[in-house]
Amino acid sequence: AAGDLGQELGWEVYAVGGFVRDILLGRPNLDLDLVVEGDGILFARKFAEKLGGRVKAHTKFKTAVVILDDGRRVDVATARLEYYEYPAALPTVELSSIKMDLYRRDFTVNALALRINPGRFGQLVDFFGAERDIRNRTIRVLHSLSFVEDPTRILRAIRFERRFDFQIGGQTMRLIKNALNLELFSKLSGTRVMHELQWIMNEEDPLACLMRMEELGIMEAIHPLLKLSRDRVQVLTELVKVHNWYKLLYLEHEITPWKLYVLGMTMGIKRDQIQKITQRLHFTRREEREFLQLRDMIGDALMKLMGWREGRSKLSRLYSILHPIPVEGILFLMARSRKEHIRRNISQYLSRLRYLTIEVNGNDLEEMGIEPGPIYTRILSRLTDAMIDGRATTRKKQLKLAQ
Ligand code: CTP
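Cut-off values and rules
Residues numbered from 1 in each chain as written. Predicted model: local features only at pLDDT ≥ 70, side-chain atom pairs only at ≥ 80, totals over all residues. Heavy atoms only, no water. Core = buried A, V, L, I, M, F, W, Y, C linked by side-chain atoms within 4.5 Å. Buried < 20%, exposed > 50% of the residue type's maximum accessible area, 1.4 Å probe, protein only. Contact = heavy atoms within 4.5 Å. Phe/Tyr/Trp six-rings, centres within 6.5 Å; stacked < 30°, edge-to-face > 60°. Helix = DSSP H or I, 4+ residues; strand = E, 2+ residues; numbered from the N terminus. Lys NZ or Arg CZ within 6 Å of the ring centre and 35° of its normal. Near = heavy atom within 4 Å. Polar contact = N/O pair within 3.5 Å; in protein donor to acceptor, adjacent residues only side chain to side chain. Salt bridge = Lys/Arg side-chain N within 4 Å of Asp/Glu carboxyl O. pLDDT = per-residue confidence, 0-100. Axes fitted to C-alpha atoms, helices over the stretch in contact; angles between N-to-C directions. Parallel < 35°, antiparallel > 145°, perpendicular 65-115°, else oblique. Left-handed = near helix turned anticlockwise from the far one by under 90°. Nonpolar A, V, L, I, M, F, W, Y, C, P; charged D, E, K, R; others polar. Pairing = 2+ DSSP bridges. Expected span 1.5 Å × (residues − 1). Arc of directions from axis to C-beta.

1. As for the nonpolar core
Residues F43, L210, M213 and I218 are the most contacted members of the largest nonpolar core, which totals 104 residues. Apart from the residues lying within four places of it in its own chain, the contact partners of F43 are A2, L5, G6, L9, W11, V13, L34, V36 and V76. Counting twelve residues, the second largest nonpolar core, distinct from the first, contains V16, A79, I98 and F128.

2. Quick notes on the packing of aromatic side chains
A complete count under the given rule lists eleven aromatic pairs for this structure. Ring geometry for F283 against F291: centres 5.8 Å apart, planes inclined by 65 degrees, an arrangement best described as edge-to-face. The same class applies to F283 as to F291, namely buried. A centroid spacing of 5.8 Å and a plane angle of 70 degrees characterise the contact between Y319 and Y349, whose relative ring orientation is edge-to-face. Pair noted here: Y319 is in helix α16 (residues 315-322) and Y349 is in helix α18 (residues 340-351), with a separation of 30 residues, a long-range link. Side by side, Y319 and Y349 carry an identical accessibility label, which is buried. Joined through ring pairs, the aromatic side chains of F107, F147, F160, F164 and F166 make up one cluster. Note that R159 overlies the ring of F160, its terminal NZ or CZ placed 5.2 Å from the centroid.

3. Remarks on the site of the ligand
Taken together, 14 residues form the shell around the ligand, and within it R21, D106, D150, R156 and R163 come nearest. D106 is positioned such that a nitrogen or oxygen atom in its backbone is 2.8 Å from an oxygen atom of the ligand. Take R159: an N or O atom from its side chain is 3.1 Å from an oxygen atom of the ligand. If you list the elements that add at least two residues to the shell around the ligand, you get α2 (18-25) and α7 (152-164). For the shell around the ligand, the element with the most residues is α7, which contributes six residues.

4. Looking at the pattern of salt bridges
Pairing of side chains with opposite charge becomes possible as their charged atoms draw close. Taken as a whole, this structure holds 26 salt bridges when the rule is applied. One salt bridge connects R153 with E149, and the closest N-O pair in it is separated by 3.8 Å. Classification of R153 as buried rests on a relative accessible area of 9%. Close ionic contact of E161 with R162 constitutes a salt bridge, the shortest N to O distance being 3.4 Å. Residue classification places E161 among the buried residues on the basis of a relative accessible area of 0%. With relative accessibility at 28%, the residue R162 sits in the partly exposed group. Taken together, the salt bridges that share partners define one network made up of E161, R162, R212 and E215.

5. Brief notes about the side chain of S146
Inspection of the secondary structure assignment puts S146 in helix α6 (residues 146-149). Residue S146 is classed as buried on the basis of its relative accessible area of 1%. When sequence neighbours within four positions are dropped, the list of residues in contact with S146 reads D106, V141 and R153.

6. Some words on unusual backbone geometry
The phi dihedral of R137 is positive, around 55 degrees, even though this residue is not glycine. Of note, R137 is situated in the loop between α5 (130-135) and β10 (138-139).

7. Let's talk about the confidence of the model for the protein chain
Looking at the protein chain, pLDDT values average 89 and 93% of them are 70 or higher. Both confidence scores are given for the complex: pTM 0.86, ipTM 0.95.

8. A few points about the packing of α7 against helix α10 (residues 206-215)
Where α7 meets α10, the axes come as close as 9 Å, and the angle between the chain directions of the two elements is 130 degrees. Considering the angle they form, α7 stands oblique to α10. Here α7 runs over α10; the crossing is right-handed. Contact residues: α7 offers L155, I158, R159, E161 and R162, while α10 offers A208, C209, R212 and M213. Residue composition of the contact of α7 with α10, by class: five nonpolar, no polar and four charged.

9. Digging into the sheet that holds strand β3 (residues 53-58)
Strand order in this open sheet of seven strands is β3-β4-β5-β2-β1-β8-β9, and the pairing throughout is mixed. Each having just a single partner strand, β3 and β9 (124-125) make up the two edges of the open sheet. With two bridges joining them, strand β8 (residues 113-115) and β9 adopt antiparallel strand pairing. Bridge pairing in β9 places A113 opposite V125. Contacting β1 (12-16), β2 (32-37), β3, β4 (63-68) and β5 (73-78), helix α3 (residues 40-51) runs over the sheet at an angle of about 170 degrees to β3.

10. Some remarks on α3
Here α3 contains twelve residues, and its C-alpha end-to-end distance of 16 Å stays within 8% of the 16 Å for a straight helix at 1.5 Å per residue. Those residues of α3 that sit buried are G40, I41, F43, A44, F47 and A48. Taken end-on, α3 shows its buried residues confined to a sector of 155 degrees, consistent with a single buried face. Residues of α3 that are buried in the fold lie against α1 (2-9), β1, β2, β3, β4 and β5. A distance of 3.1 Å separates the backbone nitrogen of I41 from a side-chain oxygen at the start of α3, and that oxygen is part of D39.

See the structure below:
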C-alpha cells in the first residue's frame, strides 16, 4: 500500500533500517520505518487516510508516526530531493537523497533500504556494503566520526553485536577505544546513558552486553562504582534466569527490566554511596526515592526470610514479608536466595499466592452486626492469612468459622 501511494504521489518510498536488516537476518520485526523522497508528513497523512489510522507529525524534523487502527506503528521520514544547478547551461541534477539519509546512520547493517514502489518492489539499495557485513556477521560504522558524533552508538554496537552474535569490526573497535580514550563516554549525560542501558536491559541477554561493556572499561567509564565484580556477575546471571522464568509465566503484570538489573549492578554499594549512581544515571527524584526504598525493603526482607522455615513457618508469614515489595524486588530476592525451598516458595507466591483474594468485605462484616472500626482490617487480614495457610475457603459462609 505504501509503495502504491508513493507511486500516486510521484515519490520514491523505501523501507529502511532495522526492518530491512531483520528481513535479511530472517528475524521478525514489526517496526516499519519508511523514508520518502518527497514530503514525508503529507505522505503519512495520505497513508493514514488510506489504511485507517492517526498521524503524529514533527514538522521540525519532517517526520511523522502513523498509528494504524490495528495498533501497528509506521515511522515516516523525509529525504529531501536536492537539486544542484550547475553553472553555465548544464542541466540541474537530482542528487539521490536516500543515500544521504542512510549515510547519517550508525552501522552498515542499519543503513540498508528496500524500494517498495511498484515495478521496483523489493530492490535492495546497499551503498555501504551492508549485505556483505551481514553475511560476515560484522558491525561496522559508516565513517570514522560516527562515535564522536554520538557516543551512545558504542552501546548500540555492543547491543547489536550480542543480539545477533556478530563481531564488531577491527577498525570500528579501534574507533570505540579511541572514543573511550578521549573520555567521550564519561562526558555523556546520565539521561542518555540510562536510555541506552534500558534498551540493553530489554534484550534477551542483558548480561552478555554488560560483560562486554566491562571488558572495554565502559562500566567504570560510566562510574567507577559500577565495575562489574565477580559477585555482581554471579547475581546478574541468576537475575537473567529468574527474569526468563518470570517471562514464561505470561502474567498480566510485566516487570520493568532495568529496575531488576540495576539492583544487581549496584549490589554491594553502601547506602551513602548509592546516590552517586542514581545521580550519575540521572534518575528523577521519584525514581531515586523508589529505588532506595526498594533496596531497603530487600535488605529487610532478606533478614526476615532467614528465619523462615518451610513446614515450620506459616505461608501467610511469607506472604506478609513479600506482599509490600514490588515484583522486581521479589525476583531479586529469589535470585539472591541460596536456599532452594525459599526460591520455590517465592515462586509459589509470584505465580499463585499473590493473586488470592477473599470474597468477604466490610459490608459483610457490617451485615453480621460488627461495629465498623480498625477491627475490620484485622478480621480481613486474619481471613486472608487463614486462606493462605489453607485453614479457610473463600466462601462467605465460612466467615463464622474463621471468626
Ligand atoms: N540510529 C543512529 N544512531 C543512533 C540511533 C539510531 O544512526 N544513536 C539510526 C539507526 O540506523 C537505526 C535507526 O536510526 O536503524 C532507527 O533507530 P532504532 O529504532 O533505535 O534502531 P533499530 O535498528 O530499529 O533497532 P532495534 O532493532 O533495537 O529496534
